[in-house]
Amino acid sequence: MILEEVVQFLHRVPPFQFLSERVLTDTIKGMASEFYPKGTVIVRKGDTNVDYLFVIRKGGVKRSLYSENEEILVDYKGEGDVIGYLSLFGEDIPWADVTAIEDTICYLLRKDEIKKLIDTDEEVRTLFSKSFLSPVINDAVKEGTKKDFSYGCGEKILFTTKVGDIAMRSLFTAKDNISIKEAACLMTEQHASSLIFLNTQGQPIGIVTDSDLRKKVVSQGRDVNEPIHTIMSRSLISSDAGEYCYEAILKMIRYNIHHLLVMKERRLWGILTNHNLMLLQGTSPLAIVKDIEAQSSVSGLIPVSGKINSIYSILLSEGASGGNVMRIITEINDRLVRKVIKIAEKELGLPPVPFVWIGFGSEGRKEQTFKTDQDNAIIYYDPVDENEAQAAKNYFSGFSVFIRDSLLKVGFSPCPANYMASNPVWCQPLKTWKKYIASWTATPTPEAVLNTVTLFDSRAIYGDENLLTAFRNHLQSHIAGNRLLLGGVASLSIRNAPPIGFLKTFVVEKSGEHKDKLNLKVKALAPIVDIARLFSLEKGISATSTIERIELLSDYNSIVKEYAEELIHAFEFIIMLRVQHQYEKIRNGLQPDNFIRPDKLTNLQKRTIKEAFQIISKVQHLVIDIYREMIW
């Protein structure tokens, strides 16, 4: 390592660039240079023995968290970026893993030397403060001042605070052999909003909340001398004390609960409530869900839906990854759609036969972002006679139009291809859907293949899920071994080549409104989605999200097994670029789209997306090798 080269490099990196030659030379005394091969974990979350500040000289790293073996990408850093600076100003330990995403060289500056410099030199302290802390503070202030007063500014803390840090340890427990009245008295005496019931081993077997007393006892005039187990909830949803709060929020939204048991080392450790989370961050996505559930009309949902983009913009600006924003958007949009359907049932009456409302496209794959179209259909039970058939047809015709128009009012644009339940083709009894499948798979024209893969991405949003299960089983039985159909699906998966030329230059749009831009959705995301879907069809994988499919296919498909990690990283990275781009569009009062200018990307982003394109291209060529004789 040549000292002059180091000084020359650091003179381009803030705040080192502002240090005098003498101070900089003193600062780098004892400095080391380390090479980290691609994949090396440079810093581990929670490591208390990190004695260095890392300055990336060459290469790139990612910061990520892990939950239930799922990687949650936080961000990327490249040449000139510094890792570990916040710990200079406090006793923070690393809260995320830092991993080299390519061969990386870092300069390692001893923290004790830098801290000594900061403590003794006011000018240096001011420079470091301005360079590292001020952007954080300014961003928080800036975001806070533009927020609606109904929102807090603590969303970032959801991703850094563990459930165990805010859960209540003062648990109120009892045996389940008491009456409802005795349980209510205990809760009143303790000023508790919930009572947990334990078995003889001390394990929780049920919970009663104040909401249960209101809904199951008071409103129904139930005898309070009945045993408590008659109203006790036995489906206990829990979080581990080590999970992050955003994971707890996802569970609360998914299961529509406001109390979450907290476990530690398989023992009941505490309880987390919606109130705890509200105190933590001022308000939360749960508040949006609560607002949605409180509405009884479509007009009431319109202002609530208008808040959704704001709260997700906050999540993104405060450091949430694109994947996490996407997951939360999907969860909340599901609740919004379900509420609209419930309002439709209230307005039009209950349907003559049970049904299931299904979503497909990005909704079916749980990959929604800011710009979301309606992609849906209805499957209903086969009517028993002609009268019931006509009644069902009449009902669902008006029902689906009511929902289409209502969803438009709350921000979901109609599908340009008319893949919606309001289209009679996409609103049929199960037997008709089965006929569709038989026809599409027997003669897989391009349109039939498109219809088949569209329905393969479907999931139940509301209603009787058994109908969708029966439909998917029928679909899978017609796909198994159907090489002609799979050849058609393979053709779809290679139709969009990644936009990169022979000399690794970007291939941009040549003309029109998006001239000189890259289409992230069609040219980058769609190929990965199509490849994961193709192999899932082939192997009968029922998961619908692209990442889940890739993870599951790792056990069944040799190609995916070899490239799974790279495909997931590529997908996550492109999603992040897309969400950030759309977020910026919204911030500037523009309609979000999927077109980015490659010349606006940082060098690290350019390298990473080119690598993503190369992986996609490589896997597409392997698809061609397998299905060469059947590709159109």
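This section reports on the structure supplied with the text.

About the thresholds
- Residues numbered from 1 in each chain as written.
- Predicted model: local features only at pLDDT ≥ 70, side-chain atom pairs only at ≥ 80, totals over all residues.
- Heavy atoms only, no water.
- Core = buried A, V, L, I, M, F, W, Y, C linked by side-chain atoms within 4.5 Å.
- Buried < 20%, exposed > 50% of the residue type's maximum accessible area, 1.4 Å probe, protein only.
- Helix = DSSP H or I, 4+ residues; strand = E, 2+ residues; numbered from the N terminus.
- Contact = heavy atoms within 4.5 Å.
- 1 Å grid on protein atoms, 1.4 Å probe; cavity = no way out; pocket = protein on both sides within 12 Å on 5 of 7 lines; lining within 4 Å.
- Points joined across faces, edges and corners; volume = space filled by probe spheres on them.
- Nonpolar A, V, L, I, M, F, W, Y, C, P; charged D, E, K, R; others polar.
- Pairing = 2+ DSSP bridges.
- Axes fitted to C-alpha atoms, helices over the stretch in contact; angles between N-to-C directions.
- Salt bridge = Lys/Arg side-chain N within 4 Å of Asp/Glu carboxyl O.

As a rule of thumb, nonpolar side chains are buried together in soluble globular proteins. Counting residues in each nonpolar core, the largest one holds 79 residues, and the members touching the most others are I379 and F471. With 14 residues, the top contributor of residues to this core is helix α21 (residues 558–587). Sequence-distant contacts of F471, that is, excluding residues within four places in its chain, are made with I379, L430, W433, I437 and L455. If you look at the next biggest cluster of nonpolar residues, it comprises 37 residues, including L336, V340, I378 and A392.

Evaluated as defined, the whole model comprises 1 cavity of 30 Å³ or more. The calculated volume of the largest cavity comes to roughly 40 Å³. What lines the largest cavity is V337, W357, E363, D373, Q374, N376, L407 and F412. Here the lining of the largest cavity is built from residues that sort into 4 nonpolar, 2 polar and 2 charged.

Turning our attention to the sheet that holds strand β11 (residues 204–209). Reading across from one edge, β9-β10-β11 is the order of the 3 strands in this open sheet, with mixed pairing throughout. Since the sheet does not close on itself, it has two edges, and those belong to β9 (173–174) and β11, each with one partner. Sheet strands touched by helix α7 (residues 180–190): β9, β10 (194–198) and β11. Its angle to β10, the strand with the most contacts, is close to 125 degrees.

By the definition in use, this model includes 18 salt bridges. In this structure, K366 and E548 form a salt bridge, with 4.0 Å as the shortest nitrogen-oxygen distance. With K366 in the loop between β15 (355–359) and β16 (376–380) and E548 in helix α20 (residues 546–553), this residue pair connects regions lying 182 residues apart in the sequence. With a relative accessible area of 34%, K366 lands in the partly exposed category. With relative accessibility at 32%, the residue E548 sits in the partly exposed group. Among the salt bridges present, the one from D405 reaches R404, with a minimum N-O distance of 3.0 Å. Take R404: its relative accessible area is 28%, and that puts it in the partly exposed class. What you see here is one network of salt bridges that share partners, running through R365, E367, D457, R495, D530, R533 and R549.

With that out of the way, let us pick up the sheet that holds strand β17 (residues 427–429). Adjacent strands of a sheet form backbone hydrogen bonds with each other and so pair up, either parallel or antiparallel. Spatially, the 4 strands line up as an open sheet ordered β17-β16-β15-β18, and their pairing is mixed. Because the sheet does not close on itself, it has two edges, and the strands there are β17 and β18 (459–463). The sheet shows a mean angle of 30 degrees between the axes of neighbouring strands, taken without regard to direction. Pairing of β15 with β18 involves 4 bridges; the strand directions are antiparallel. Bridge assignment links I358 to a residue of β18, and that residue is A460. Sitting on the sheet, helix α15 (residues 430–442) is in contact with β16 and β17, with an inclination near 105 degrees to β17.

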